[in-house]
Amino acid sequence: MSSPPKIIVVSNGKGGVGKTTTTMALASILAEKYKLLAVDADSQGSFTWWVQQSKKGIGFDLAQETDPQLLENLRNVVGYDLIIVDTPPALSSATLAAVIPAADYLVLPTPPAPMDLAVLVETVKRAITPAKVAHRVLLTKVDTRSLGEALEAQKTLRELGIPVCTAFVRAYKAHERAALEGMTITQWRGRNGREAEADYRRVVDEIQQDWRK
């Protein structure tokens, strides 16, 4: 009997933080090594739209599902090593309430700006800590001209006892352009594409180190 898939949930109670971009990047990199299913649990369907634009194929399977009862049973899905879930930007949603307890690991993307951090900290307190699921905050949309803001945000989160990735994702236009052209960041070859991909590869390495602990 095969073991159940590991479930990774990408979540934040706020929109516009790079959640779908992060889900796509992580899925495309992890699919190089694992049989992977991506689940779009956000009714806005941004992840699904991106996949549907694909011209080169994406290397993993996609399911669009927002039914909380079905999402609670993700662990019963067979045929995959990993399931990664893109969630709605609504902290009180039934979808989020269903999928967080089902997760093995949570990635919480947020820009390092104080307002975004405040929402993220509230998300952790209300939804993540009570669920007792392993997690890390991932700083996204980091301005390459002011990396000090990201370092300060990492310091603040650590002082609050919130796990945070050492790696962070810089704000390159490559992410938007890859989406518009129906490509993953691992496929896109335009300006800063390799730098943008490298950021997420560092994140994947760090997450996998957590799994091995």
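As the structure is a prediction and not an experimental result, all values here were calculated from the model.

The rules we used
- Just so you know, the residues in each chain are numbered from 1, in the order the chain's sequence is written.
- Local features are withheld for residues below a pLDDT of 70 in this predicted model, meaning they are given only at 70 or higher, and side-chain atom pairs are given and counted only at 80 or more; totals for whole chains, interfaces and linings count all residues.
- Note that the side-chain values use all heavy atoms of the structure and ignore hydrogens as well as water.
- Only DSSP runs of H or I reaching four residues or more are called helices, and only runs of E reaching two or more are called strands; each is numbered from the N terminus.
- For the exposure calls, accessible area comes from a 1.4 Å probe over protein chains only, and a residue counts as buried if that area is under 20% of its type's maximum, exposed if over 50%, partly exposed in between.
- Two strands pair under a simple rule: DSSP has to find at least two bridges between them.
- As a rule, the C-alpha atoms of each element are fitted with a line to give its axis, helices using only the stretch in contact, and angles between N-to-C directions run from 0 to 180 degrees.
- When describing relative orientation, an angle under 35 degrees is termed roughly parallel and one over 145 degrees roughly antiparallel, while 65 to 115 degrees is termed roughly perpendicular and anything else oblique.
- Note on contacts: a residue pair is in contact if any heavy atoms of the two residues lie within 4.5 Å.
- To form a nonpolar core, buried Ala, Val, Leu, Ile, Met, Phe, Trp, Tyr and Cys residues must be joined to one another through side-chain atoms within 4.5 Å.
- A helix is expected to span 1.5 Å for every residue after the first.
- One speaks of a salt bridge when a side-chain nitrogen belonging to Lys or Arg is within 4 Å of a carboxyl oxygen belonging to Asp or Glu.
- Whether a set of points on the 1 Å grid over the protein atoms alone is a cavity depends on a 1.4 Å probe fitting there but being unable to get out, while an open set qualifies as a pocket with protein on both sides within 12 Å along at least five of seven lines; lining residues are those with an atom within 4 Å of a point.
- Grid points are joined across faces, edges and corners, and a volume is the space filled by probe spheres set on the points.
- Residues are grouped as follows: Ala, Val, Leu, Ile, Met, Phe, Trp, Tyr, Cys and Pro are nonpolar; Asp, Glu, Lys and Arg are charged; every other residue, Gly included, is polar.

A.B. asks: Any chance you could explain the side chain of Thr110 here in plain terms?
C.D. replies: Mapped onto the elements, Thr110 comes out in strand S5 (residues 105-110). Overall, Thr110 belongs to the buried group, its relative accessible area being 0%.

A.B. asks: What am I meant to see in the sheet that holds strand S6 (residues 134-139) here?
C.D. replies: To summarise the sheet geometry, strands pair through backbone hydrogen bonds and adopt either a parallel or an antiparallel arrangement. With parallel pairing, the 6 strands of this open sheet are ordered in space as S3-S2-S4-S1-S5-S6. The open sheet is flanked by strand S3 (61-64) and S6, the only strands paired with a single partner. Recorded for the sheet is a direction-independent mean angle of 20° between the axes of neighbouring strands. Relative to S5, strand S1 (residues 6-10) runs parallel, the two being bridged by 3 bridges.

A.B. asks: Is there a simple way to think about the packing of helix H1 (residues 19-30) against helix H8 (residues 193-212) in this case?
C.D. replies: Axes are the key here: two packed helices are described by the angle between their axes and the distance separating the axes. Interaxial distance between H1 and H8 falls to 10 Å at its minimum, and their mutual angle equals 70°. By the angle class used here, H1 and H8 are roughly perpendicular. Contacts between H1 and H8 involve Thr21, Thr22, Ala25, Leu26, Ile29 and Leu30 on the former and, on the latter, Glu197, Tyr200, Arg201, Val203, Val204, Ile207, Gln208 and Trp211.

A.B. asks: So what exactly am I meant to see when it comes to the nonpolar core here?
C.D. replies: Side chains that are nonpolar tend, in soluble globular proteins, to be buried together. Counting residues in hydrophobic clusters, the biggest one holds 37 residues, and the most contacted among them are Leu26, Leu30, Leu36, Phe60, Ile84 and Val107. For this core, the secondary structure elements donating two or more residues are S1, H1, strand S2 (36-40), helix H2 (46-52), strand S4 (82-86), S5, helix H7 (174-180) and H8. Sequence-distant contacts of Leu36, defined by excluding residues within four places in its chain, comprise Ala27, Leu30, Ala31, Phe60, Asp61, Tyr80, Leu82 and Ile84.

A.B. asks: Mind showing me how you'd approach H1 here?
C.D. replies: Given 3.6 residues per helical turn, the α-helix brings residues three or four places apart onto the same face. Between its first and last C-alpha, H1 extends 16 Å over 12 residues, near the 16 Å set by a 1.5 Å rise per residue. In terms of residue burial, H1 counts as a mostly covered element, since 11 of its 12 residues are buried. Taken together, the buried positions of H1 are occupied by Lys19, Thr20, Thr22, Thr23, Met24, Ala25, Leu26, Ala27, Ser28, Ile29 and Leu30.

A.B. asks: Is there a simple way to explain the side chain of His175 in this structure?
C.D. replies: Inspection of the secondary structure puts His175 in helix H7. The contact partners of His175, leaving out residues within four places of it in the chain, are Thr21, Trp50, Val169, Arg170, Ile185, Ala196 and Tyr200.

A.B. asks: What is the right way to look at the pattern of salt bridges in this model?
C.D. replies: Should the charged atoms of two oppositely charged side chains come close, the side chains can pair. Across all of its chains, the model carries 13 salt bridges by this definition. We note a salt bridge from Glu32 to Arg201, for which the minimum N-O separation is 2.7 Å. Here Glu32 is found in the loop between H1 and S2, whereas its partner Arg201 is found in helix H8, with 169 residues between them in sequence. Look at Glu32 and you get exposed, because its relative accessible area is 51%.

A.B. asks: How should empty space enclosed by the protein be read in this particular structure?
C.D. replies: Take a probe with the size of a water molecule and roll it over the atoms, and the empty space left behind shows itself. If you walk through the whole model with that rule in mind, you get 1 cavity of 30 Å³ or more. When its volume is computed, the largest cavity comes out at roughly 40 Å³. Taken together, Ile8, Leu26, Leu30, Val204, Ile207, Gln208 and Trp211 make up the lining of the largest cavity. Counting only elements with at least two residues in the lining of the largest cavity, the list comes to H1 and H8. At 4 residues, H8 tops the list of elements feeding residues into the lining of the largest cavity. A class-by-class count of the residues in the lining of the largest cavity yields 6 nonpolar, 1 polar and no charged.

A.B. asks: I keep staring at H8 and nothing clicks. Help me out?
C.D. replies: Compared with an ideal rise of 1.5 Å per residue, which puts 20 residues at 28 Å, H8 spans 29 Å between its outermost C-alpha atoms and is within 8% of the ideal. On the buried face of H8, the contacting elements are S1, H1, S4, S5, S6 and H7.

A.B. asks: Can you walk me through the layout of surface pockets in this structure?
C.D. replies: Size it by volume and the largest pocket reaches roughly 450 Å³. For the largest pocket, the lining is made up of 23 residues, of which Gly16, Val17, Gly18, Thr21 and Lys141 are closest to its centre. For the lining of the largest pocket, the elements supplying multiple residues, two or more each, are H1, H2 and H7. Split into classes, the residues belonging to the lining of the largest pocket amount to 8 nonpolar, 9 polar and 6 charged.

These figures capture arrangement, not role.
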